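Examination of the molecular architecture
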There are 2 protein chains.
Amino acid sequence: LTFPPVGRTDWIGAPDGLALLPGGSVTTPDGFVASGVACGLKESGNRDLGILASMRPAVSGLVLTINAIPAEAIVRAKTLDPGGLCAIVVNSGNANAATGAQGLADTNEMGQRAAAGLGMDPAAMLTASTGVIGRRFQMDVVRRGIDLAVAGMSADGGPHFAEAICTTDRAPKAGAFTLELSSGAVTIGVASKGAGMIRPTMATMLCFVSTDASLRAEDLQRATASATQGSFNRISVDGQMSPSDTLLVIANGQGSPILGDDLARFTRGLTAVCRWSAIQMVLDGEGAEHAVRLVVEGATTDTEADRVARAIGDSPLVKSAIYGRDANWGRISQAVGQALIGSEGPTEFSLSFDGRAADDADVGAVMALTEYDIAVTLGRGPGRSDLWVSDLTHAYVSLNADYTT
Amino acid sequence: LTFPPVGRTDWIGAPDGLALLPGGSVTTPDGFVASGVACGLKESGNRDLGILASMRPAVSGLVLTINAIPAEAIVRAKTLDPGGLCAIVVNSGNANAATGAQGLADTNEMGQRAAAGLGMDPAAMLTASTGVIGRRFQMDVVRRGIDLAVAGMSADGGPHFAEAICTTDRAPKAGAFTLELSSGAVTIGVASKGAGMIRPTMATMLCFVSTDASLRAEDLQRATASATQGSFNRISVDGQMSPSDTLLVIANGQGSPILGDDLARFTRGLTAVCRWSAIQMVLDGEGAEHAVRLVVEGATTDTEADRVARAIGDSPLVKSAIYGRDANWGRISQAVGQALIGSEGPTEFSLSFDGRAADDADVGAVMALTEYDIAVTLGRGPGRSDLWVSDLTHAYVSLNADYTT
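Residues numbered from 1 in each chain as written. Chains lettered and ligands numbered in written order. Predicted model: local features only at pLDDT ≥ 70, side-chain atom pairs only at ≥ 80, totals over all residues. Heavy atoms only, no water.

**Overview of the overall build of chain A**
The secondary structure content of chain A amounts to 11 helices and 15 strands. Computed over C-alpha atoms, the radius of gyration of chain A comes to 21 Å, within 12% of the 22 Å expected from 2.2 N^0.38 for 405 residues, which places it in the range of a compact globule. With the C-alpha coordinates aligned to their principal axes, the bounding extent of chain A is approximately 65 × 55 × 40 Å. Relative to its full complement of 405 residues, chain A shows a buried share of 64%. Across chain A, every contact between residues at least 6 apart in sequence was considered, and the portion connecting residues at least 24 apart equals 82%. Summed over all atoms, the accessible surface of chain A reaches about 13,400 Å², with 51% contributed by carbon and sulfur. (Helix = DSSP H or I, 4+ residues; strand = E, 2+ residues; numbered from the N terminus. Rg over C-alpha atoms; globule rule 2.2 N^0.38 Å. Buried < 20%, exposed > 50% of the residue type's maximum accessible area, 1.4 Å probe, protein only. Contact = heavy atoms within 4.5 Å. Areas by Shrake-Rupley, 256 points an atom, 1.4 Å probe, with all protein chains shown as cover.)

**A few points about the packing of helix 5 (residues 217–229) of chain B against helix 6 (residues 260–283) of chain B**
Residues and elements named next belong to chain B. At a closest axis distance of 9 Å, the pairing of helix 5 and helix 6 adopts a crossing angle of 40 degrees. As judged from the angle between their axes, helix 5 and helix 6 are oblique. Judged by the sense of rotation from one axis to the other, the crossing of helix 5 with helix 6 is right-handed. Along its contact with helix 5, which presents D219, L220, A223, T224, S226 and A227, the element helix 6 presents L263, F266, T267, L270, T271 and C274. Class assignment for the residues of the contact of helix 5 with helix 6 results in 7 nonpolar, 4 polar and 1 charged. (Axes fitted to C-alpha atoms, helices over the stretch in contact; angles between N-to-C directions. Parallel < 35°, antiparallel > 145°, perpendicular 65-115°, else oblique. Left-handed = near helix turned anticlockwise from the far one by under 90°. Nonpolar A, V, L, I, M, F, W, Y, C, P; charged D, E, K, R; others polar.)

**Observations concerning the side chain of N252 of chain B**
Residues and elements named next belong to chain B. On the secondary structure map, N252 appears in the loop between strand 11 (246–251) and helix 6. What makes N252 buried here is its relative accessible area of 0%. A polar contact of 3.2 Å, which involves the side chain of N252, links it to the backbone oxygen of D30. With residues near it in sequence (within four places) discarded, N252 still touches D30, G31, F32, S54, R56, P57, A58, T211, D212 and A213. (Polar contact = N/O pair within 3.5 Å; in protein donor to acceptor, adjacent residues only side chain to side chain.)

**Section: the packing of aromatic side chains**
Residues and elements named next belong to chain A. By the definition in use, this model includes 8 aromatic pairs over all chains. Where F161 meets F208, the ring centres are 5.7 Å apart and the plane angle is 65 degrees; that geometry is what we call edge-to-face. Placement of F161 in helix 4 (residues 158–164) and of F208 in strand 9 (residues 206–211) is noted, with a sequence separation of 47 residues between them. (Phe/Tyr/Trp six-rings, centres within 6.5 Å; stacked < 30°, edge-to-face > 60°.)

**Some words on the relation of the copies chain A and chain B**
If you rotate chain A by 180 degrees and push it 0.0 Å along the axis, it lands on chain B with an RMSD of 0.0 Å. Both chain copies can therefore be described as sitting about a two-fold axis. The rotation axis passes nearest to the C-alpha of H394 of chain A in chain A, at a distance of 2.8 Å. Residue by residue, 100% of the interface of chain A is reproduced at the interface of chain B, so both copies engage with the same surface. (Least-squares fit on C-alpha atoms with pLDDT ≥ 70 in both.)

**Digging into helix 2 (residues 100–118) of chain A**
Residues and elements named next belong to chain A. In a regular helix each residue adds 1.5 Å, so 19 residues correspond to 27 Å; helix 2 covers 27 Å between its end C-alpha atoms and thus fits that length. Those residues of helix 2 that fall on the buried side of the exposure criterion are G103, D106, T107, M110, G111, A114 and A115. Angular distribution of buried residues about the axis of helix 2 spans 160 degrees; they occupy a single face of the element. Exposed and facing more than 90 degrees away from the buried side of helix 2 are A101 and A116. Contacts made by the buried residues of helix 2 are with strand 3 (49–54), helix 1 (72–77), strand 5 (87–92), strand 6 (125–130) and helix 3 (139–151). The first or second residue beyond helix 2 is G119, which carries a positive phi of 70 degrees. (Expected span 1.5 Å × (residues − 1). Arc of directions from axis to C-beta.)

**What to know about helix 9 (residues 329–339) of chain A**
Among the 11 residues in helix 9 of chain A, 10 count as buried, and that is most of the element. Three or more residues of helix 9 of chain A are buried, namely G330, R331, I332, S333, Q334, A335, V336, G337, Q338 and A339 of chain A.

**So, the sheet that holds strand 9 of chain A**
Residue and element names in this part refer to chain A. The mixed open sheet is built from 6 strands, whose spatial order is 1-7-8-9-11-4. Bordering the open sheet on either side are strand 1 (18–21) and strand 4 (59–64), each of which pairs with just one other strand. The sheet shows a mean angle of 20 degrees between the axes of neighbouring strands, direction not considered. By the bridge criterion, 9 bridges tie strand 7 (residues 173–181) to strand 8 (residues 184–193) in an arrangement that is antiparallel. (Pairing = 2+ DSSP bridges.)

**Structural notes on the confidence of the model for chain A**
For chain A, per-residue confidence averages 91 on the pLDDT scale, and residues scoring 70 or more make up 96% of the total. Across residues 199–203 of chain A, where pLDDT falls below 50, the model places 37 contacts with residues more than four positions away in sequence or in other chains. (pLDDT = per-residue confidence, 0-100.)

**Digging into the pairing of strand 8 (residues 184–193) of chain B**
Within a regular strand, side chains alternate between the sheet's two faces. Taking burial as the measure, the 10 residues of strand 8 of chain B include 8 buried ones, the bulk of the element. Taking the residues that link successive antiparallel strands as the turn, the strand 7 (residues 173–181) of chain B-strand 8 of chain B hairpin has 2 residues.

**Notes on the sheet that holds strand 7 of chain B**
In sheet architecture, strand pairing relies on hydrogen bonds along the backbone and comes in two forms, parallel and antiparallel. Residue and element names in this part refer to chain B. Spatial strand order, 1-7-8-9-11-4: 6 strands in an open sheet with mixed pairing. Strands with a single pairing partner mark the edges of an open sheet, and in this sheet they are strand 1 (18–21) and strand 4 (59–64). Each neighbouring strand pair of the sheet contributes to a mean axis angle of 20 degrees, computed without reference to strand direction. Together, strand 4 and strand 11 form the strand contacts of helix 5, whose direction differs from that of strand 4 by roughly 35 degrees. In this fold helix 6 packs onto strand 1, strand 7, strand 8, strand 9 (206–211) and strand 11, with an angle of close to 160 degrees to the strand it touches most, strand 7.

**Things to note about the interface of chain A and chain B**
At the junction of the two partners, chain A supplies 50 residues and chain B supplies 50 residues. The contact between chain A and chain B buries some 3,900 Å² in all, and 62% of this surface belongs to carbon and sulfur atoms. For the pair chain A and chain B, the interface holds 0 salt bridges. Along the contact surface separating chain A from chain B lie 9 residue pairs in polar contact (both at pLDDT 80 or more). For the side of chain A that touches chain B, the secondary structure elements donating two or more residues are helix 8 (316–323), helix 9 and helix 11 (394–401) of chain A. Counting residues per element, the side of chain A that touches chain B draws most heavily on helix 9 of chain A, which supplies 9 residues. Split by residue class, the side of chain A that touches chain B holds 23 nonpolar, 22 polar and 5 charged. (Buried area = accessible area lost by both parts, 1.4 Å probe. Salt bridge = Lys/Arg side-chain N within 4 Å of Asp/Glu carboxyl O.)

**Details of the packing of helix 11 of chain A against helix 11 (residues 394–401) of chain B**
Across the interface, helix 11 of chain A lies against helix 11 of chain B with an axial gap of 9 Å and an inter-helix angle of 170 degrees. Viewed along their axes, helix 11 of chain A and helix 11 of chain B adopt a mutual orientation that is roughly antiparallel. In this structure, the crossing between helix 11 of chain A and helix 11 of chain B has a hand that is right-handed. In this structure, helix 11 of chain A contributes H394, V397 and S398 of chain A to the contact, and helix 11 of chain B contributes H394, V397 and S398 of chain B.

**Things to note about the pattern of salt bridges**
Residues and elements named next belong to chain A. The final tally for this structure, using the stated rule, is 46 salt bridges over all chains. Across the pair R56 and D30 runs a salt bridge, and its minimum N-O distance is 3.0 Å. Of the two residues, R56 sits in the loop between strand 3 and strand 4 while D30 sits in the loop between strand 1 and strand 2 (32–37), which places them 26 residues apart along the sequence. Judged by relative accessible area, R56 falls into the partly exposed class, the value being 25%. Salt-bridge contacts for D362 lead to R356; the nearest nitrogen and oxygen are separated by 3.4 Å.

Quick look at the structure:
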C-alpha cells in the first residue's frame, strides 16, 4: 500500500522529461540502500525505525525547521556540514523533542550507532525523529532497532523505509521519477511523512530524497532551498509548525557535476518531486477529505497574496465549510478582510470554485471532488500566491483529541 | 433561559462594589427600553430583530471591528459621531456583509426606519447585523420586524432583546450589575452575542451595554476602549475576526459627570462587566466544552507574551487536546516555539494545569473542569498575557460544516 498519486497533475508543475516510475522508492536510484524495521517504539507494532544510505560518496542539501524550540535531532543537525550527509537514521513513535540534554545525547548516540554499524563517519549520518513530543527515548528499544535496521539494509528496502517514518499518515508516501537532462537521465526517489502539525515554512514533515544525479554540494543546497519554497512552504494542514521538520536530499552521482541548463532543469524536477510529495501530505492531512489549491491573484504584492492565502487556508471556518461542501464565500471574504487589516479593503473581490461561481448550480459537484481550486481575485495589483490546504473534519478532531491517550 | 454565569469569578477582576443583579438585563438601568421580535429572518422562527434605546439624552462609547472588509453596518457606523448614539437596531440571521452599495442602502434604511418609529435623529441610531455573510437582506421582512419592535418597546424588553441578537449562541448572554461610586450607585446592563468567528481585536461579537451613569462622551469612549482591551481583545474561539464586531455603551445619566476616582472605578467596573460577557462568549464558543485561561508569564515583553498565548490558543492541536482532556504539553511547547521564530528559544519552559504538572496524577481531574488555567512560564523577562480560549470539538466541526446548508 502506498498513498494514491495526486490526481491534479497540473498542480505539480513538472518540467518536460520528468516521469513517474511505477513502484519506485528511495532505493530506486542507483547506489542507495535502505531498511525499515519494527522495534517497538510504536504500540501498534508497525515499522518505526529506518535507515537510508548511499553506498557511494555523496553530497547533500538540507532544510530544517525554524521553530524556536527545535527537537533534539534538529539541534544535532545544525552542528553538521549540511553538504556532507550520506545517510539518515529516523524513527517514528517518539519525536525526541523537548527532551533536553539527555535527548541530545540520545540522538547523538542514535547517529553514532547507525554510522558505526554501516562503517561510516557519524558526521555524515543525519538523525530525525517524529511522533509524540516531550517523552524520553527508550534507548534500549532504539538500539535494538538500529542494529536490526543495519542488518537489514538492502537495495529493495525503500518501501519498508517509507513505512517506518509514518505516524498518523494513512499510508506511506513514496515514489521515484526519472528526469531527462542533456547529459543523460537521472533518477530521483522520495519518501515523506506528514499528516498533522503541517504548515508552510516548513510543513511538519520529514522528506528524504535520493538521487543518482551528480551535483556540487553548493548547487544541491540551492536547489533544495528552491524546491522547498515551491513545495513544502506552500502547504498547510493545520497551521502548526513542527519542531522536527527535515528535508534531506542526497545526491551520489559520480560523473561531472551538472551545471547550467541541466542544473536549472534538475532544480525544476526536484521542485516538482517535492510538490508531488507536499500535495500528498495535504491529501493525507489528518482526517482530510479534500485538498484545495487556493489561488490568490490581484494582491498588491506576492507577500500580501501569501498572507491572504494563509488567512483563508488556516481559517477553521473555511476549512469546516470545505468539509461540509458548502460554498460559504462569506467566510472567505471575512478571512481576506482579516489578512488585510491596516490597509484599504480591496475594491474588487471575486472568487470561483474550479472556475464556477459560488452560486453556480454545479458548485456542489466541484466541492465533492477530492482536489479542486478556489481562486480569489482582489484586483489591486500583480501579487499572486498558490497554497494547498486540507479541510477540517470530525476525523481531525478525533485524531487529535485522542492521540496520546 | 440565560447563559450560566462564569464559575471562576476570580477571572472577572471585579472591583469592590460591583455586584450582579439576578435576572437583570439591558433594561435594568433606569431610562432604557428595548424589544426583541421574530420577524422571519431566522428559519427557526426565533427572535431575530431587536431595538435598545435610551428614553433620555445619552452619550456613547463605540468600538468597531478592524477587519478590512467590514460589514455594511460598520461602514455606516464609521460615518456617525461615536459619542452621540442613543439607540441600536440589530438583527440576527443575516450579517448584511459583503453586500455592497445595496447593503449599505439597506442598513441606512434600517436605521432611518427605527429612528423614525421612535421619533429620534437617525444619526443617534446605530445599526448592527449578524448571521450569514454575503446575502442580501429581505427588506420587506426587515421593515416588518422594525415596525413590530418599535411597537413593542418596553422597560421589560431586555431579555427579548438579548434573545433577538443570538445566532449560534446556545443561550442569550445578558445581565445587570450595580457599581458603588462615591457619588452613589450606578447600574450597568449588558447583552452580548458571539459564539463563532471569535478572536481578539475584537472577538466576533456584538455587545450592547446600557448604564444610568453620567459621563462625558470623551471619558466614556476612553472607558469603552480600555474595557475592550481588558476583555473582548483577550478571548479567542477560532482565531477568526468578524467583519461585524460592535461594542456600544450608552450612558444616559443626567447628573454631574463622574470624574477622577469615580471615573477610574467606573472603567474598572465596565471592564469587569465586559470581561464577564467575554468569558461567557468563550464558554458558549461554538461546540465548546471548556473555557481555559492561558496565562503566559516570563516573556521578554507583554507583546511577546501575547503572541505566545495566541499561538497556543489558536492551535487546533492544543484545542483538540483540551477537548480530549489530554495534557499534551508537547503541542504547547511546539506552539511556543512557532511563536518565537526568529528569536532565541527560551532557556526555561514550564507549564501547569491549575497549578498541577502535566504528569500529575490529578491533572485529568483539572482537565475535566469546564473552566481552568493553563500557565506557561518562559523565564526570560517580565512580559505577561492572559487569554481565554475554548476547545475544538466535534460539535464545532458539525456546526460549521453545516451552518448555511
